[in-house]
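Residue-level structural notes
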Amino acid sequence: GASLFGLSVPLQVALWPFERNWAHLKAPPLQFYLEIGANDFGLDREDLGPLLSDSAGGFLVSFEPLIHKYAALLRNLGTAHVPLGA
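Focus: the packing of aromatic side chains
Enumeration according to the criterion identifies five aromatic pairs in this entry. Taken together, a centroid distance of 5.4 Å and an interplanar angle of 85 degrees make the contact between Phe-18 and Trp-22 edge-to-face. The exposure class of Phe-18 is partly exposed, given its relative accessible area of 26%. Owing to a relative accessible area of 13%, Trp-22 belongs among the buried residues under this scheme. Aromatic ring contacts, followed pair by pair, group Phe-18, Trp-22, Phe-32 and Phe-59 into a single cluster.

Put into C-alpha cells, the structure is as follows:
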C-alpha cells in the first residue's frame, strides 16, 4: 500500500508452505541459494550448475524485482503465459 515513504506491493516469489517448491524433485534439497536481482546476464543457475544437481541437493530461488527483467527471464526460459507470483 501507499505510505509516506513510497508505494509497495506484496509479491510472491515462492510457494508456501516452502516445501511445495520442490515437490517435483526426487528428494528434498540439502542446500538453498537465493538470488535477488537476477538479470539477463550471469544468472546464478549457470554459475551454481553443479551445486544445483540432484546429487548435490542444491535448490535456487531466483527473484527479479524489475518487471521487464522478469519478462526477459521468462522469455529466455521458453516459459509463456506464467502469472506473476505463480
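As for unusual backbone geometry
Note that the residue after Trp-16, namely Pro-17, is joined by a cis bond; omega there is 0 degrees. Here Pro-17 lies in the loop between strand 2 (6-7) and strand 3 (31-36).

Some remarks on the confidence of the model for the protein
Of all residues in the protein, 76% have pLDDT values of 70 or greater, and the mean over the chain is 77. For the protein, per-element mean pLDDT is lowest for strand 1 (residues 2-3), which scores 62, and highest for strand 3, which scores 87.

Topic: the environment of Leu-73
Assignment of secondary structure puts Leu-73 in helix 2 (residues 67-77). Along the sequence, Leu-73 and Leu-43 sit 30 residues apart, while their C-alpha atoms lie 9.6 Å from each other.

Describing the side chain of Asn-21
Relative to the helices and strands, Asn-21 resides in the loop between strand 2 and strand 3. By relative accessible area, Asn-21 is classed as buried at 14%. In terms of polar contacts, Asn-21 uses its side chain to reach the backbone amide nitrogen of Leu-15, at 2.9 Å.

Section: the side chain of Glu-35
Within the secondary structure layout, Glu-35 lies in strand 3. In terms of polar contacts, Glu-35 uses its side chain to reach the backbone amide nitrogen of Asp-44, at 3.0 Å.

Concerning the environment of Leu-30
Along the chain, the position of Leu-30 falls in the loop between strand 2 and strand 3. Setting aside residues no more than four positions away along its own chain, Leu-30 makes contact with Ala-56 and Gly-57.

Criteria and thresholds
Residues numbered from 1 in each chain as written. Predicted model: local features only at pLDDT ≥ 70, side-chain atom pairs only at ≥ 80, totals over all residues. Heavy atoms only, no water. Phe/Tyr/Trp six-rings, centres within 6.5 Å; stacked < 30°, edge-to-face > 60°. Buried < 20%, exposed > 50% of the residue type's maximum accessible area, 1.4 Å probe, protein only. Helix = DSSP H or I, 4+ residues; strand = E, 2+ residues; numbered from the N terminus. pLDDT = per-residue confidence, 0-100. Polar contact = N/O pair within 3.5 Å; in protein donor to acceptor, adjacent residues only side chain to side chain. Contact = heavy atoms within 4.5 Å.

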